[in-house]
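# Report on the structure
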Amino acid sequence: CASGYFYFFSPRTAETEMISTPISYVQHSVATGMREKMVLPDGSRVWLNAGSILIYPSTFMTSERNVFLMGEGFFEVKKDSLHPFVVSTRYLNLQVLGTSFNVSAYPDAAKVTATLETGSLNVRVCPDSVSYVLEPDQQLAYIPATHAIERRQVRASDYSEWRMGGLFFDNVAFEEILRVLERTYGVKYIFGLLLIITRRFMYISIKENPWRIFFRY
């Protein structure tokens, strides 16, 4: 992994004086072929998938606990009713008080998803002001190319199998599956058949073996 620190100044107004408090931000990067688990300053736990970046303050000092994600992460948020936990991605903003959920927001992916396992999740699609409240085993998907939004029932635990070394695909184009496999295992797949690239696969579950994969479609 790689981490870096960035410093900003946050002004605080008191009755008698102005105090400038430095805020340092950590950028945590996960390399291709790796997965990592980390604990945030508030005690919340985060699993980061391969090729992901998480930016967060070294100390949560404001009324909200804000982090930025590029890639995929599973969050177990420590409950704090006074300080909502906010995950920002390029297309989705997610706000919770204490819950567990998966976010997939890779910049090269065809869609961005938020999948709730426990608790309640408020999702806003940027730059719209409309919010969607998810219940456990619900998923919201946003397709940037068409601006389409879909909310559906799923088995949420399928979408966080990657934490334990598994992968799950549901109605995904073969080209997208190859992209995920290459990022997850740090390998390159080369296929000579164009036909299979155009197929969509309805269900695939893979456990830690990128060289022996069985597809059912």
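Preceding this paragraph is the structure being described.
Read on for an overview of the structure. The structure displayed is predicted, hence computed values, not measured ones.

### Notes on the environment of serine 104
Relative to the helices and strands, serine 104 is located in strand β9 (residues 100-105). Distance in space between the C-alpha atoms of serine 104 and phenylalanine 74 is 8.7 Å, their sequence separation being 30 residues. Those residues in contact with serine 104 that lie beyond four places of it in its chain are Gly71, Glu72, Lys111, Val112 and Thr113.

### Description of the layout of surface pockets
Estimates place the volume of the largest pocket at around 730 Å³. Together, 33 residues line the largest pocket, and Ser104, Lys111, Phe169, Val172 and Glu176 are the ones closest to its centre. Of the residues belonging to the lining of the largest pocket, the class tally is 15 nonpolar, eight polar and 10 charged.

### Thoughts on the side chain of serine 100
Tracing the sequence through the fold places serine 100 in strand β9. Only 2.5 Å separates the side chain of serine 100 from the side chain of threonine 118, close enough to count as a polar contact. Setting aside residues no more than four positions away along its own chain, serine 100 makes contact with Phe74, Phe75, Glu76, Leu116, Glu117 and Thr118.

### Considerations on the pattern of salt bridges
In total, this model carries seven salt bridges according to the counting rule given. Among the ionic pairs, arginine 183 bridges to aspartate 108, the shortest N-O distance being 3.7 Å. Highlighted residues: arginine 183 in helix α1 (residues 174-185) and aspartate 108 in the loop between β9 and β10 (112-118), separated in sequence by 75 residues. Residue classification places arginine 183 among the buried positions, given a relative accessible area of 14%. Two residues, arginine 152 and aspartate 170, come together in a salt bridge whose shortest N-O distance is 3.4 Å. Here arginine 152, found in strand β14 (residues 148-153), pairs with aspartate 170, found in the loop between β15 (166-169) and β16 (172-173); they are 18 residues apart in sequence, far enough to count as distant.

Rules and cut-offs
Residues numbered from 1 in each chain as written. Predicted model: local features only at pLDDT ≥ 70, side-chain atom pairs only at ≥ 80, totals over all residues. Heavy atoms only, no water. Helix = DSSP H or I, 4+ residues; strand = E, 2+ residues; numbered from the N terminus. Contact = heavy atoms within 4.5 Å. 1 Å grid on protein atoms, 1.4 Å probe; cavity = no way out; pocket = protein on both sides within 12 Å on 5 of 7 lines; lining within 4 Å. Points joined across faces, edges and corners; volume = space filled by probe spheres on them. Nonpolar A, V, L, I, M, F, W, Y, C, P; charged D, E, K, R; others polar. Polar contact = N/O pair within 3.5 Å; in protein donor to acceptor, adjacent residues only side chain to side chain. Salt bridge = Lys/Arg side-chain N within 4 Å of Asp/Glu carboxyl O. Buried < 20%, exposed > 50% of the residue type's maximum accessible area, 1.4 Å probe, protein only.

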